[in-house]
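Observations on the model geometry
The primary structure of each chain is shown beneath.
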Amino acid sequence: MSATAWTLAKGSPQHGRTAVVTGANTGVGLEVARGLARLGATVVLACRNRDAADAAHHDILRTAPDARVDVVHLDVSDLASVRACAEELRAGYSVIDVLVNNAGVMHQTRELTVDGFEGDLGTNFLGPFALTGLLLDRVLASRSGRIVAVNSKTSRGGRIAFDDLQLTKSFTPAVAYTQSKLAQLMATYELQRRLDSLGSEAISLAAHPGGSRTGILREQSRAVRWVFDRRFRYLMGWFTQGPADGALPMLRAATDPAATGGQFYGPGGRFEQIGPPVLVRAPRRSHDAEAQQRLWKIAEELTGVTYPLTREPS
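Procedures and definitions
- Residues numbered from 1 in each chain as written.
- Predicted model: local features only at pLDDT ≥ 70, side-chain atom pairs only at ≥ 80, totals over all residues.
- Heavy atoms only, no water.
- Helix = DSSP H or I, 4+ residues; strand = E, 2+ residues; numbered from the N terminus.
- Buried < 20%, exposed > 50% of the residue type's maximum accessible area, 1.4 Å probe, protein only.
- Pairing = 2+ DSSP bridges.
- Axes fitted to C-alpha atoms, helices over the stretch in contact; angles between N-to-C directions.
- Contact = heavy atoms within 4.5 Å.
- Phe/Tyr/Trp six-rings, centres within 6.5 Å; stacked < 30°, edge-to-face > 60°.
- Lys NZ or Arg CZ within 6 Å of the ring centre and 35° of its normal.

The chain goes by SDR family NAD(P)-dependent oxidoreductase in an unreviewed UniProt entry, where it is assigned to Mycolicibacter kumamotonensis.

Before going further, it helps to spend a moment on unusual backbone geometry. Of note, the phi angle at Phe-271 is positive, near 50 degrees, even though the residue is not glycine. The residue Phe-271 is located in the loop between β7 (264-267) and β8 (277-279) in this model. Overall, Phe-271 belongs to the exposed group, its relative accessible area being 60%.

Strand order across the open sheet formed by eight strands is β3-β2-β1-β4-β5-β6-β7-β8, with mixed pairing between neighbours. A single partner strand is all that each edge strand has here, and the edge strands are β3 (68-73) and β8. Within the sheet, the average angular offset between the axes of one strand and its neighbour, ignoring direction, is 20 degrees. Its contacts with the sheet place helix α3 (residues 79-92) against β1 (18-22), β2 (42-47) and β3, and it is angled at close to 145 degrees to β3.

Moving on to the packing of aromatic side chains. By the definition in use, this model includes four aromatic pairs. One aromatic cluster is present, built from ring pairs that chain together Phe-125, Phe-129, Trp-296 and Tyr-307. The ring of Phe-162 carries Arg-294 above its face, with NZ or CZ at 4.1 Å from the centroid.

Laid out in structure tokens, this is it:
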């Protein structure tokens, strides 16, 4: 590893700060929560499965015994659950310094959320959009709030099907997943522009874990499922890394004192799959301001959540 490579030790201390991490019971989300706890943050695990979240809670305390770790229920694919979680967080915390939108899925068949949205779009984009909007005033109350979208390198292949956003005509797992992750990234940049228009010190940025060995990687392609066969791990070590390393781009986005709004972090090694976190290129489509604003309005209409920003972006 390069002597200048970013590690958790270079993150700013998080003592006195509160961080909420969605989908934090396993994989990269768990390691992001663990890293924030090690830096001193009060960490809230926002998870769908309470038993798994409790197990994650104990696991974090095993490695960071002085940490304060709380658990709340959140099914990000269900807007009623998103609202209930936001209410619980608002009741418990007057300030949220870091919000990491990590929870996500990749469905192999077209499924609908309880609200009737295409499953990947509803879980990876609309749910986090709603949660962020409902908690935004708590983030703005922080002296240096951060909202981190856990994205994917595959967003570069995404298209926003404005004429068929729910993919009733053109569903494939890859199309659905890449659309949802591109939408998430576009909303990240639109939010940053709106924060800038207010002169807010809060920032919105994104990161991706590269080839991290998690459930999402298993679902991204049948071709990579053999990564998890022990006979091939020695080879795939060249292209994948464990969740602890995969979490570093998000931890850098959440804690690096030099990070700024609108940045995108990912692994700096082979094919952007492994290695220490660096600034990486976002897909060109994610910077289309007109499309960002069009998508934002659609998201507000679908979720019923309007962000508490008093001035429109210029």
